[in-house]
Amino acid sequence: MIIETIVFYVLAVVTIAAGVMVIASRNPVQSVLFLILAFFNSAGLFVLLGAEFLAMILIIVYVGAVAVLFLFVVMMLDINFSELRAGFLQYLPIGAIVGIILLAELILVFVTGAIDIHVPDVLAVATPAPEEVSNTRALGNILYTRYAYLFQGAGFILLVAMVGAIVLTHRRRVEVRRQKIADQVARDPKAAVVLKDVKSGEEGSWKSD
Amino acid sequence: MAESNFWVDYILPLLLIVGYIAAIIVPVLLVVALVTYGERKIWAAMQFRKGPNVVGPFGLFQPLADGLKLLMKETIIPTGANRVLFIMAPMIMFALGLIGWAVIPFDAHLVLADINVGILYLFAVSSLGVYGIIIAGWASNSKYGFLGALRSAAQMVSYEVSIGFVLVTVMLAAGSLNLRDIVEAQKGLWFFIPLAPMFVIYIISALAETNRTPFDLPEAEGELVAGYQVEYSAMTWALFMLGEYANIVLLSGLCVVLFLGGWLPPFHVEPFIWIPGFIWFIVKTALVIFIFTWVRATMPRYRYDQLMRLGWKVFLPASLAWVVITAGAMHLFGWMPQ
């Protein structure tokens, strides 16, 4: 299909361009917005592959939640851009080494055929033909059976990280008065309200004791 | 031969889809205009006033007059604002209010895109709504706008979590992520009866997700003037309003699909099944929109800490518990679909 090819190249080009802009743009808020654009186009690529569940999850989790918090933090930060730029050359060698190692690994994987996407039985195990089973069902079938423990383990790691972050940052200040909803609801009107018979002209009798 | 194929294979479907989109968007925008009118009339009735009654019969053309007024006004872009993002934010808001309608089934076969993950698509669209607000607040380079944007970001992320769990229960009960299948699964019993607590949580979370009273803290006019909208004027502001109302209508429509049986008549007997399905859909959606309006006319605004407490300490555990209870009960009694 011509259309699919055109759509693929548009999405791919925009993804890469947005990825470059993430690191090239001067303003960190704009960087995050370009990151979101890159996520969107990757979701589009997933849809082209027929992996609509992954596409939606990518948008819900990364664009809808993670990037929002990211944007939130970046907007609140007071960043000095010139200071950031000053360290660029200093860290360039380290960044370049990491990049080269990752690239070499990717090339190795493809050249040695550690993942060969053309092997039919690999395809048959992971993704049944879309006409038979929707890919949501296929993913569920494999995640909750063969990889159930790994899946649960990943969930637990995230939970521990979350609890840890809360424990590390949470502090209970004593001087702050907090609203205790349970206490308010449990208050008995008979005990809380006192009716006093005030005689006219008697000063101070309305005062509580 | 190849040329004719090109026209039949590409251009014709393209024109058809554009036609379908227009056939959905034009009525949606009309409904949005009507909702703004109906809302003012309902508030007026609840406060013993008359509401708009000057323009046209019963004031029906009031939304048109409002739209024309906003169109004639000057669009002001504040100095120091990020121009591109400032203009983009209302567009995002408006577009997000419209694209969700692509998967809403109005009738058994009246749906533009009958995709497998319809419910996830809608969840994704509703979770993107926060961007319009947060970009608007940041780009307008104003304290009030920024405070409103931050509040809305925290609020929408919090309430999305419970909406997610509500959707999971509905998926469990229906055994599908396709909106048409979800409606078909309610043939016997609409889901708002067996899933009553989730229905309540959904309605309240939808109020928070659309920044409506009692959760309209992002635009709290008493303290933040109008929050993220404070620097917007004329059509940019109108796009925000249109987007907000389109979102309300969309979430009401989703509520009908998830809990109130979509296009299905209340009883599958003679007088009810004569009425076509999309009429039922419209009537039910109008009912949910009325609830939104009713709440806005009666409820005071929440305080920010109360809002967060409700989202994280009440709704999150409650909805998580209901997911477990629903799944457990369905497994125990063998009610699982298929």
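A quick note: this is a predicted structure, and the numbers were derived from the prediction, not measured. (Residues numbered from 1 in each chain as written. Chains lettered and ligands numbered in written order. Predicted model: local features only at pLDDT ≥ 70, side-chain atom pairs only at ≥ 80, totals over all residues. Heavy atoms only, no water.)

Visitor: Describe the overall build of chain A, listing the residues and the values that go with them.
Guide: The helix and strand tally for chain A stands at 10 helices and 0 strands. Reading the helices (α) and strands (β) of chain A from amino to carboxyl end gives α-α-α-α-α-α-α-α-α-α. Residue burial in chain A is summarised as follows: out of 209 residues, 18% are buried. Looking at chain A alone, contacts between residues at least 24 apart form 51% of all its contacts between residues at least 6 apart. Carbon together with sulfur atoms contributes 69% to the accessible area of chain A, which is approximately 16700 Å² in total. (Helix = DSSP H or I, 4+ residues; strand = E, 2+ residues; numbered from the N terminus. Buried < 20%, exposed > 50% of the residue type's maximum accessible area, 1.4 Å probe, protein only. Contact = heavy atoms within 4.5 Å. Areas by Shrake-Rupley, 256 points an atom, 1.4 Å probe, with all protein chains shown as cover.)

Visitor: Now, about the interface of chain B and chain A: what can you tell me, with residues and values included?
Guide: At the interface, 29 residues of chain B touch 27 residues of chain A. When the buried area of chain B at its contact with chain A is split by residue, B:Tyr10, B:Tyr131 and B:Trp138 rank highest and sum to 24% of it. At the surface where chain B touches chain A, the tally comes to 0 salt bridges. Those elements that provide at least two residues to the side of chain B that touches chain A are helix H4 (118-139), helix H5 (143-174) and helix H12 (304-333) of chain B. With 11 residues, the top contributor of residues to the side of chain B that touches chain A is H4(B). Grouping the amino acids of the side of chain B that touches chain A by side-chain chemistry returns 19 nonpolar, 6 polar and 4 charged. (Buried area = accessible area lost by both parts, 1.4 Å probe. Salt bridge = Lys/Arg side-chain N within 4 Å of Asp/Glu carboxyl O. Nonpolar A, V, L, I, M, F, W, Y, C, P; charged D, E, K, R; others polar.)

Visitor: Outline the nonpolar core, listing residues and values.
Guide: Ranked by size, the top nonpolar core spans 111 residues in total, and within it B:Ile119, B:Leu120, B:Tyr131, B:Tyr202, B:Leu258 and B:Phe259 carry the most contacts. Discounting chain neighbours no more than four positions away, the residues touching B:Ile119 are B:Leu167, B:Met171, B:Leu177, B:Leu179, B:Ile182 and B:Leu258. (Core = buried A, V, L, I, M, F, W, Y, C linked by side-chain atoms within 4.5 Å.)

Visitor: Lay out the environment of B:Ala22 in plain terms, naming residues and giving numbers.
Guide: Relative to the helices and strands, B:Ala22 is located in helix H1 (residues 2-46). Along the backbone, B:Ala22 and B:Leu64 are 42 residues apart, and their C-alpha atoms lie at a distance of 19 Å.

Visitor: Explain the packing of helix H3 (residues 52-76) of chain A against helix H7 (residues 135-143) of chain A residue by residue, including any values.
Guide: Residue and element names in this part refer to chain A. Two elements in contact, H3 and H7, have axes whose closest approach is 7 Å; the angle formed by their N-to-C orientations is 85°. On the basis of the axis angle, H3 is roughly perpendicular to H7. In contact with Glu52, Phe53 and Leu54 of H3, H7 contributes Asn135, Thr136 and Leu139. Among the residues forming the contact of H3 with H7, the class breakdown is 3 nonpolar, 2 polar and 1 charged. (Axes fitted to C-alpha atoms, helices over the stretch in contact; angles between N-to-C directions. Parallel < 35°, antiparallel > 145°, perpendicular 65-115°, else oblique.)

Visitor: Please give an account of the packing of aromatic side chains that cites residues and values.
Guide: Working definition: an aromatic ring pair is given by the centre-to-centre distance plus the angle between the planes. Residue and element names in this part refer to chain B. Tallied over the full model, the rule gives 15 aromatic pairs over all chains. Note on Phe86 and Tyr232: the rings are 4.2 Å apart at their centroids and 5° apart in plane angle, and the pair reads as stacked. Taken as a pair, Phe86 in helix H3 (residues 83-99) and Tyr232 in the loop between helix H8 (221-224) and helix H9 (234-259) lie far apart in primary sequence, 146 residues in all. Accessibility assignment for this pair places Phe86 and Tyr232 in one class, buried. Their ring planes at 90° and their centres at 6.1 Å tell us that Tyr159 and Phe315 sit as a pair that is edge-to-face. Taken together, the residues Tyr159 in helix H5 and Phe315 in helix H12 connect sequence positions 156 residues apart. For the pair Tyr159 and Phe315, a shared accessibility class is recorded, and that class is buried. Put simply, the rings of Trp190, Phe192, Phe199, Tyr202 and Phe259 touch in pairs and so form one group of aromatic residues. (Phe/Tyr/Trp six-rings, centres within 6.5 Å; stacked < 30°, edge-to-face > 60°.)

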